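Each chain, letter by letter, is given below.
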Amino acid sequence: MASKKPEQFDRVDWSELSESSRFDLSINSIGMLAATLPLALLWLYDYQFVGERGATFQAIGLGRNLDPLDYFFVFTLFLFFFYLVLPLYQNPRMTRYYWAEFRRNRPAVVSLGWLGVVFVGGLLGPLVISAPEQSILTGHQPPMFLSINEANVATCVGDVVNGQCQGTWQHPLGTTRGGKDVFAGVVYGMTISMQIAFITTTIVAAIGITFGTVSAYAGGWVDEIMMRFVDVILSFPTFLMFLLILYIYGAGLGMFILVFSAFAWGGTARYVRSKSLSVSEEEFIKATRISGASTYRVVRKHVVPNVASSIITQLTLLIPGFLLAEAQLAFLGIGDSAVPSWGQLLSAGRSDLAFAPWIVLSPGIVLFLTILAFNFIGDALLDALNPEAEAESA
Amino acid sequence: MTEEPLLSVRNLEKHYPIRKGLLNRQVGAARAVDGISFDIAPGETLGLVGESGCGKSTAATSIVRLEDPTGGEVIFNGGGRAGATRNGDGTHPNDVARFDDRELKAFRRDAQMIFQDPSSSFDPRMSVGSAVAEMLQIHGMSDRHRRRAIVEDLLDRVGLSPEDYDRYPHEFSGGQKQRIALARALVLNPALIVADEPVSALDVSIQAEILGLIADLQDEFGLSLLFISHDMSVIREICDRVAVMYLGEIVEIGPTDRVFADPQHPYTEALLSAIPTPDPRSTATGIELTGTVPSPTDPPSGCRFHTRCHKVIQPDDVDLDQSSWRGLLNLRDALAAGSVDVDQIRENVRTGGDLAATPDAVKGQIRHEFDLDETVSADEMESLLDAALDVALAGDPEGAAARLSERVTTPCEERVPERTSHAADHESACLLHERSSPPSPADD
Amino acid sequence: MSTPLLEVEDLTTTFSTAKGALTAVDGIDFAVAEGETVCIVGESGSGKTVATESVTRIVKEPPGRVEGSVRFKGRDLLEMSEPELREIRGYEIAHIFQNPQEAMNHCYTVGWQIVEALQIHRDVADETARAKAIDLMDRVGIANASSRFDDYPHEFSGGQKQRVMIAMALVGDPDLLIADEPTTALDVTVQAQILRLLEDLQAEFDMGILFVTHDLGVVAEIADRIVVMYAGNVMERGDVLDIFERPAHPYTQRLLNCLPEIGGRKGGIPGTLPDPLDPPDGCRFAPRCEHAVDACVTGDQPAEIEVNPGQRASCVHYRPGRDDSVVRDGIPDADADGEGVSSADD
């Protein structure tokens, strides 16, 4: 570079550059494709050759099976990595700025740490901890440092002191009536919660952003019809719909996520539409349009990123609702009891609250903290992701 | 024509439809730009000046086709398009309004724009270097290093440092952002830059720097500029020629020094006299314009300025004090528009202490509110005014307006003034000149 | 000079921000006498608006904090309670702002808003208030005032709204009118009308006017005395003629030179405003000043020194024993000045 004469704008021979700008992929998209392709192949293999009952990895001797929800979860993780984490690394200046802003909100930083724990626990926990298993004999074991009257347990795993059964490291958070380890249950619940968080967010964001921007840019009748459709979505009784589906088809976690996120994007779409309309009035949009950029490019490169940063907050605040909804349904016994979610754990302990409160408390506290964390982070993001407002007040 | 102009705008119109009702029927149009024409020569700067709402920004966005004009031609001869002649059907091959997508994209390289508000003219989530380089990318320069080299060089030329490439808009001051905006407008090496109030949002000390930079860059690269501003002192400094707009029309156009030294249109005159001069000893009192700018949906007939003009023409057989004449016209218009509420005025006279509220007191109040306190100098007019006010007091304002209209009429509202030429290249559109000078040889 | 109506001493306004304390106004003094117009001139970020808002304490507290003393007709406004202040605000001291759109309530008619302003401070009957409001609307030059009394703000143009704001400011026969960039959002032709109106009203009501603006043209038109502010400090003050014809502080000189009519806009002022969170030592303008010497960059903002009778500048070059020719030479010469102005006229 140093040897070359510096390029100057008035010496560019435009005729030698091809008029049609080639379809060039960003490094993020290439990475995304490279990561998704093996996943898709694995899914194909799973679907075609392994069959319903067989474990995905049985060919190499692993008992782990992947269901469609897992595939989708991994896919959303890839999206998260290539379009959120990687850009943060690619734009260190902006990242440092956001971080400096974000850091000012102490509770949010702690919350981020907590969510990090839930994320890593949910992702790696099931790989190191075996799934909680039924074992009637070791039911109602107390957590570490607590004890329970011997009369309430069939077999005490730890020591018995003065007729009190003591907790052990074998079951650090105790066990349920059926002898399932609460700690393992909480860790597996993290996976479920992360799946709910990532998948619903992806679905809501994808539909909401597409719907909102198309509506904003199409205008006229299209806009009118799309927005009335959003009204319908917003006023739809999702819970009743879910009950109906439950009675007809039976409802697993996948169905829960699908139904609830399919009716949750209305607000996001509306927000994206109004935000797109206001962004498209900004002078930088005019400046890009006058450079000859296509509408698609303007929307993709400028409108969506500017809208996205503000809907990240909205989406973050949407997640707690889904987690709570799942927990509530599970607690009421409407969920899929095979899914080891926090709600199921809560539900399993509700009858033993009098003498074994840990069964409800452990997942309850974890759920509470997680929901609180999402709310704190949403609040902090609202302040951090708004550089214009900051620049004006400074 | 000795030299072909770079840009020639002919009868450009931009009307915004006004729709109402369930079926979105068009009930009218806001005539934001209503038939303006001018030329810009290569390397020349034309100023477009006017008050807010006169349509100057709409004119700019229509010329560069950020919005599609609803009528007229914008013929752009830069960027290798020179020498084209009209097609058989009378259309011009270089008419920007008729460019297809491919031609339009090529045109984008030759005509660029700078905007007013530095705080919103950059994507807050994109580094300023990428924002400038994006221009190159859109036009097919896929070599990232080459883009960066060009932009860094350009940032250097507009007075920033190449290291600023990776910084974000919020890290710059308004003046610096406007420098980057200049870089963005320049990076495709255009022949024409349309600058829409580029310094209005800046402090005076920064304005001077940016204007200096614009002038330098213009000299260096032979740019033509269409410079839009409401600030006459900025226009005076940077423009070779100036066009004054009022309500979507150009009322005067000419070389800047001539227009400033010898304004021909009363509006230009008023605009110039309104500029505060930084001289505490100056005691010159400017011309005060009364009234407000009418709505572009329903512009006044004839000369659009006649509702505010301080030199509005009197009929041949009337010779009143100009301010009384103005007052009479205003009263007539207010009566006709039904905005004089006689009952209300009577009520006020009463609450003001005069319980009887005699017709004379009410009339006096109306006259006072329309600056007609003193007796109108011509007896005939005074009695007409009195008679008309009687009609108004009787509860018939339309009748009063009709009564006044018998005599209170001005040619300015009846005839659209033609452009008259005063000197080389200096034209204005005012009936005063049409009357005083012999009919000018067929212009246009 | 008559006794000052308003005397501001050592006025300091700080805002606590996430990044630390921001000193917007840094210990400034000024005074306004009865019937006099004082202009605070400065560029954006100079603290001129905050300074005037601190006078009647309409700055938000917290995060703001106003210290010093503001004596109005002998009473210290900063020691008054909020109810006492409310008695003075809008009554003895009236404010008009840059954006009349934002200062009006769009749900009520214009006339009603004036009546309300009137009745807040005075116990007057509705009819009397109405008559007075119409009289005020007429006095501020709203044509056909009686019929426009019942119109809503959106039916008025920007200039007319500013006139209404002025009418509202006049309800209490104020002794002091604080006008914060009242013409900046308006077109030049309307600006000229409003300025003339203010001058007429001042003569009629014998008000003191504290006028904030960045536009030196406007200043020349209406000011009696000028206070030049930069980065929260007063750089120079004096009579309008002195400031325009013999500006003493390098900042004032550069600022005047930016005007096409005076200096032909020679290059503007290079550099940027200092960071208000971390202002430089010494003279705030020193980092951008071509005449800066070592003494300029240490200590506090230099104390003001009388350079001419009634004209004071905060510049070390005028300290006794220093050669002030270095800065006096920067003054634009009278010829160029006169010429520029004469050609700018009519």
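About the criteria used
- Residues numbered from 1 in each chain as written.
- Chains lettered and ligands numbered in written order.
- Predicted model: local features only at pLDDT ≥ 70, side-chain atom pairs only at ≥ 80, totals over all residues.
- Helix = DSSP H or I, 4+ residues; strand = E, 2+ residues; numbered from the N terminus.
- Rg over C-alpha atoms; globule rule 2.2 N^0.38 Å.
- Buried ≥ 20, exposed ≤ 12 C-beta atoms within 10 Å, placed from the backbone.
- Contact = placed C-beta atoms within 7 Å.
- pLDDT = per-residue confidence, 0-100.
- Core = buried A, V, L, I, M, F, W, Y, C linked by C-beta atoms within 7 Å.
- Pairing = 2+ DSSP bridges.
- Axes fitted to C-alpha atoms, helices over the stretch in contact; angles between N-to-C directions.
- Parallel < 35°, antiparallel > 145°, perpendicular 65-115°, else oblique.
- Nonpolar A, V, L, I, M, F, W, Y, C, P; charged D, E, K, R; others polar.
- Left-handed = near helix turned anticlockwise from the far one by under 90°.

Description of the overall build of chain C
Here comes step 1: The helix and strand tally for chain C stands at 13 helices and twelve strands.
Here comes step 2: Taken over C-alpha atoms, the radius of gyration comes to 21 Å for chain C, in line with the 20 Å a tight globule of 346 residues would show.
Here comes step 3: Across its three principal axes, chain C shows a C-alpha extent of roughly 65 × 50 × 40 Å.
Here comes step 4: For chain C, the residues scored as buried account for 54% of the 346 residues in total.
Here comes step 5: The contacts of chain C with a sequence gap of at least 6 include a subset with a gap of at least 24, amounting to 62%.

Notes on the confidence of the model for chain C
The predicted coordinates should not be examined in detail at positions where pLDDT is low.
Residues and elements named next belong to chain C.
Here comes step 1: Per-residue confidence for chain C averages 82 on the pLDDT scale, and 92% of its residues sit at or above 70.
Here comes step 2: Within chain C, strand β3 (residues 37-41) carries the highest mean pLDDT (93), whereas helix α13 (residues 334-344) carries the lowest (37).
Here comes step 3: Within the model, pLDDT remains below 50 along residues 332-346, and this stretch shows 21 contacts once partners closer than five positions in the same chain are excluded.
Here comes step 4: For this predicted complex, the interface confidence comes out at an ipTM of 0.79, alongside a pTM of 0.83.

What to know about the nonpolar core
Here comes step 1: In terms of nonpolar packing, the biggest core is built from 311 residues, with B:Val187, B:Leu226 and C:Ile114 touching the most fellow members.
Here comes step 2: Here this core takes 17 residues from helix α5 (residues 182-218) of chain A, the largest share from any one element.
Here comes step 3: Excluding residues within four positions of it along the chain, C:Ile114 makes contact with C:Ala133, C:Leu136, C:Met137, C:Ala167, C:Met168 and C:Val171.

A few points about the sheet that holds strand β4 (residues 71-76) of chain B
Each strand in a sheet pairs with its neighbour through backbone hydrogen bonds, running either in the same direction (parallel) or in the opposite one (antiparallel).
Residues and elements named next belong to chain B.
Here comes step 1: Pairing is antiparallel across the open sheet formed by three strands, whose spatial order is β2-β1-β4. What marks the edges here is a single partner per strand, and that holds for β2 (25-40) and β4. Across this sheet, the average inter-strand angle for adjacent strands is 25°, counted without regard to direction.
Here comes step 2: By the bridge criterion, twelve bridges tie strand β1 (residues 7-20) to β2 in an arrangement that is antiparallel. Within β2, the residue paired with His15 across the bridge is Arg31.

What to know about the packing of helix α1 (residues 27-50) of chain A against helix α2 (residues 68-90) of chain A
Residues and elements named next belong to chain A.
Here comes step 1: At a minimum axis separation of 10 Å, α1 and α2 run at an interaxial angle of 170°. Classed by the angle they form, the pair α1 and α2 counts as roughly antiparallel. Residues Asn28, Gly31, Met32, Ala35, Thr36, Leu39 and Trp43 of α1 touch α2, and the partners they reach there are Tyr71, Val74, Phe75, Phe78, Phe82, Tyr83, Leu86 and Pro87.
Here comes step 2: Of the residues that constitute the contact of α1 with α2, the class distribution is twelve nonpolar, three polar and no charged.

Observations regarding the interface of chain B and chain C
One frequent convention defines the size of an interface as the accessible area lost when the parts assemble.
Here comes step 1: In this complex, chain B contributes 44 residues to the contact, which on the side of chain C involves 49 residues.
Here comes step 2: Elements represented by at least two residues in the side of chain B that touches chain C include exactly α6 (204-221), α7 (232-238), α9 (266-274), α10 (322-336) and α11 (342-351) of chain B.
Here comes step 3: Looking at which element gives the most residues to the side of chain B that touches chain C, the answer is α6(B), with eight residues.
Here comes step 4: Residue classes in the side of chain B that touches chain C are distributed as 17 nonpolar, 18 polar and nine charged.

A few points about the interface of chain A and chain B
Here comes step 1: Counting residues at the interface gives 35 residues for chain A and 38 residues for chain B.
Here comes step 2: When contributions to the side of chain A that touches chain B are tallied by element, the ones reaching two or more residues are α3 (92-103), α10 (283-289), α11 (295-331) and α14 (387-393) of chain A.

Quick word on the environment of A:Glu150
Residue and element names in this part refer to chain A.
Here comes step 1: Among the structural elements, Glu150 can be located in the loop between β1 (147-149) and β2 (160-161).
Here comes step 2: Judged by the 13 C-beta atoms lying within 10 Å of it, Glu150 is partly exposed.
Here comes step 3: Apart from residues lying up to four places away in sequence, Glu150 is in contact with Cys156, Val160, Gly163, Gln164 and Cys165.

Brief notes about the packing of helix α4 (residues 110-121) of chain C against helix α7 (residues 158-169) of chain C
The packing of two helices is summarised by the inter-axis angle and the distance between the axes.
All names here are of chain C.
Here comes step 1: Look at α4 against α7: their axes get within 9 Å of each other, and the N-to-C directions meet at 20°. Between α4 and α7, the crossing angle belongs to the class labelled roughly parallel. Here α4 and α7 pass one another in a crossing that is right-handed. Residues Val110, Gln113, Ile114 and Ala117 of α4 form the contact with α7, whose own contacting residues are Val164, Ala167 and Met168.
Here comes step 2: Residues that form the contact of α4 with α7 fall into these classes: six nonpolar, one polar and no charged.

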